[in-house]
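Letter by letter, the chains look like this.
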Amino acid sequence: MSEKITVSGIELILTEPADVNMDWVGNEDPINELKAAWLVVDDNDLPLNPRILGKPGVGKTTLAYATGKRMGKDVYIFQCTMDTRPEDLLISPVIASGNQIAYVASSLVSAILKGGVCLLDEGNRMSEKSWASLAPLMDKRRYIESIIAGIRIYAHEDFRLCVTMNSDSSTYEIPEYIQSRLQPKIYIEFPNRADELKILKYNLPFASDEILEYCVDFLQNSHNHDEPYTVRDGINILRYYMKSRELQEEKKESLNKEQFDNATIHILEEAATKYCPNNYEEFLKQLQKSPLRDIFDDYED
Ligand SMILES: Nc1ncnc2c1ncn2[C@@H]1O[C@H](COP(=O)(O)OP(=O)(O)OP(=O)(O)O)[C@@H](O)[C@H]1O
Ligand SMILES: [Mg+2]
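These numbers come from a predicted model, not from an experiment.

Engineer: Just give me the short version of the environment of Glu253, but keep the residues and values in it.
Structural biologist: Here Glu253 lies in the loop between helix 9 (231-246) and helix 10 (257-267). Note on Glu253: relative accessible area 56%, which makes it exposed. Each C-alpha atom, one on Glu253 and one on Asp139, is 55 Å from the other, the two residues being 114 residues apart in sequence. Ignoring sequence-local partners within four residues, the contact set of Glu253 consists of Ser208 and Glu210.

Below, the structure is given as structure tokens:
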């Protein structure tokens, strides 16, 4: 049975918080930045509404969820899309038994009422109209108004909000008055080798050290050349690699570099295989020989 809460005489059916096995490993800086943004240091202080930025697959959603859970809070995730309407974000009417109208609180409103963390995931996909309904929530007023249910809902003092955005794809331009309420910016960069290895190991505890090391070299080579391939791509390559190996008769534990190339092509693209350790030295040699290299050298002289 879903929990219900009555606000100004209107009964609201709450949405359950997210429950996933997802922790953050590696660099603790972004966790501490997020915790700092949410801290309240005085009775007259307010929490900030941080914006988590980074390339697709670097760990933005993971960071927000894991930080909320580590703080002992329920985390509610609202997936923003270009079709999200203000009422989807707040309260939706549904037909209940006996042809009665019932009101369902979104995951955002459920977090507001229960004092949880709400993550507005991929917020840059949502239109200005939907964002506008959140303006009062993100300043001193800390409330939302549902036109459909005809009520104003004040946020629980423990309620915390954050937004994730992909730094390289925006569906809508978010207006300045909203952007100024979504501060500070927390950037997630590519992890260093040791952290990236930890992340792969955490997500794929059943993979051998040899294949994890091989994959992390592939990822680090890609990062060094500013490619957009992230740890998520690495995880997917390894998953597909291990599934393909499972079907083969030969010894599955040994590293098969051709099979890794093959998985890389299927998950990413042919061009990505030059960063696989097996092919990387050859690629660097080609790069040295490239005519572009001469132009760069002349330019530098
Ligand atoms: N620091 C980390 N600790 C543990 N797992 C991580 C970490 N960083 C990334 N991952 C893993 O990488 C994958 C991608 O992470 P996530 O979905 O959080 O990325 P994202 O930045 O939100 O991507 P998108 O922009 O596509 O929404 C997940 O499987 C996640 O478990
Ligand atoms: Mg995400």
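After that view of the structure, there is still more to cover.
Engineer: Could you give me a rundown of the domain arrangement of the protein chain, with the residues and numbers involved?
Structural biologist: Annotation of the protein chain at the domain level lists domain 1 (4-187) and domain 2 (193-292). Distance from the C-alpha centre of domain 1 to the C-alpha centre of domain 2: 36 Å. Contacts between domain 1 and domain 2 engage 10 residues on the former and 8 residues on the latter. Between domain 1 and domain 2, roughly 700 Å² of surface is buried when both sides are summed, and carbon and sulfur atoms account for 61% of that area. Seen at the junction of domain 1 and domain 2, the total is 0 salt bridges. Our count for the contact surface shared by domain 1 and domain 2 stands at 4 residue pairs in polar contact (both at pLDDT 80 or more).

Engineer: Account for the layout of surface pockets, naming residues and giving values.
Structural biologist: Considered as a void within the structure, the largest pocket measures approximately 470 Å³ in volume. Around the largest pocket, the lining is made up of 22 residues, and of these Gly57, Gly59, Lys60, Thr62 and Arg232 lie nearest the centre. Elements that contribute at least two residues to the lining of the largest pocket include exactly helix 2 (60-70), strand 10 (160-166), helix 7 (193-203) and helix 9. A class-by-class count of the residues in the lining of the largest pocket yields 9 nonpolar, 8 polar and 5 charged.

Engineer: Can you break down the sheet that holds strand 3 (residues 51-54) residue by residue, with the values?
Structural biologist: Sheet strands associate in pairs through backbone hydrogen bonding, adopting either a parallel or an antiparallel arrangement. With parallel pairing, the 5 strands of this open sheet are ordered in space as 4-7-10-3-11. At either end of the open sheet lies a strand with only one pairing partner, and these are strand 4 (75-79) and strand 11 (185-187). On average, adjacent strands in this sheet sit at an angle of 25° to one another, irrespective of strand direction. Packed onto the sheet, helix 1 (residues 29-38) meets strand 3, strand 7 (117-121), strand 10 and strand 11 and runs at close to 135° relative to strand 10.

Engineer: Run through the site of ligand 1, naming residues and quoting values.
Structural biologist: Near ligand 1 there are 19 residues, and of these Gly57, Lys60, Thr61, Thr62 and Asn166 occur at the shortest range. Here Thr62 contributes a side-chain N or O atom positioned 2.5 Å from an oxygen atom of ligand 1. Between Arg232 and ligand 1, the recorded distance is 2.9 Å, taken from a side-chain N or O atom to an oxygen atom. Taking 630 Å² as the accessible area of ligand 1 by itself, protein coverage stands at 87%. At a threshold of 2 Å from the grid points, most atoms of ligand 1 map onto the largest pocket. Only helix 2, helix 7 and helix 9 provide two or more residues apiece to the shell around ligand 1. When we break the shell around ligand 1 down by domain, the ones giving at least three residues each are domain 1 (4-187) and domain 2 (193-292).

Engineer: Provide a residue-level description of the pattern of salt bridges, including the pertinent values.
Structural biologist: Enumeration over the complete set of coordinates arrives at 14 salt bridges. A salt bridge links Lys114 to Glu3, with the nearest nitrogen and oxygen atoms 2.9 Å apart. With a gap of 111 residues between them, Lys114 in helix 4 (residues 107-114) and Glu3 in the segment before strand 1 (4-7) connect regions that are remote in the sequence. Measuring nitrogen to oxygen at the nearest pair gives 2.6 Å for the salt bridge that ties Lys201 to Asp209. The exposure class assigned to Lys201 is partly exposed, which follows from its relative accessible area of 40%.

Engineer: Describe the sheet that holds strand 5 (residues 91-95), with residues and values.
Structural biologist: Spatial strand order, 1-2-6-5: 4 strands in an open sheet with mixed pairing. Strand pairing shows two members of the sheet lacking a second neighbour, strand 1 and strand 5, which therefore form its edges. Ignoring which end each strand starts from, the neighbouring axes of this sheet average 40° apart. Of the strand pairs in this sheet, strand 5 and strand 6 (residues 101-105) are connected by 5 bridges, and their pairing is antiparallel. Counterpart to Val94 in the pairing with strand 6 is Ala102.

Engineer: Which residues make up the packing of aromatic side chains, and what are the values?
Structural biologist: Inspection of the entire model under this criterion finds 9 aromatic pairs. On the numbers, 5.0 Å between centres and 85° between planes, the contact of Tyr214 with Phe260 is edge-to-face. Placement of the pair is Tyr214 in helix 8 (residues 209-224) and Phe260 in helix 10, with a sequence separation of 46 residues. Each of the two residues, Tyr214 as well as Phe260, counts as buried. Centroid distance Tyr275 to Phe283: 5.5 Å. Interplanar angle 75°. Geometry classified as edge-to-face. Its end group placed over the ring of Tyr143, Arg152 keeps NZ or CZ at 4.2 Å from the ring centre.

Conventions used here
- Residues numbered from 1 in each chain as written.
- Chains lettered and ligands numbered in written order.
- Predicted model: local features only at pLDDT ≥ 70, side-chain atom pairs only at ≥ 80, totals over all residues.
- Heavy atoms only, no water.
- Helix = DSSP H or I, 4+ residues; strand = E, 2+ residues; numbered from the N terminus.
- Buried < 20%, exposed > 50% of the residue type's maximum accessible area, 1.4 Å probe, protein only.
- Contact = heavy atoms within 4.5 Å.
- Domains from an automatic or database assignment.
- Buried area = accessible area lost by both parts, 1.4 Å probe.
- Salt bridge = Lys/Arg side-chain N within 4 Å of Asp/Glu carboxyl O.
- Polar contact = N/O pair within 3.5 Å; in protein donor to acceptor, adjacent residues only side chain to side chain.
- 1 Å grid on protein atoms, 1.4 Å probe; cavity = no way out; pocket = protein on both sides within 12 Å on 5 of 7 lines; lining within 4 Å.
- Points joined across faces, edges and corners; volume = space filled by probe spheres on them.
- Nonpolar A, V, L, I, M, F, W, Y, C, P; charged D, E, K, R; others polar.
- Pairing = 2+ DSSP bridges.
- Axes fitted to C-alpha atoms, helices over the stretch in contact; angles between N-to-C directions.
- Near = heavy atom within 4 Å.
- Areas by Shrake-Rupley, 256 points an atom, 1.4 Å probe, with all protein chains shown as cover.
- Sits in = over half its atoms within 2 Å of the grid points.
- Phe/Tyr/Trp six-rings, centres within 6.5 Å; stacked < 30°, edge-to-face > 60°.
- Lys NZ or Arg CZ within 6 Å of the ring centre and 35° of its normal.

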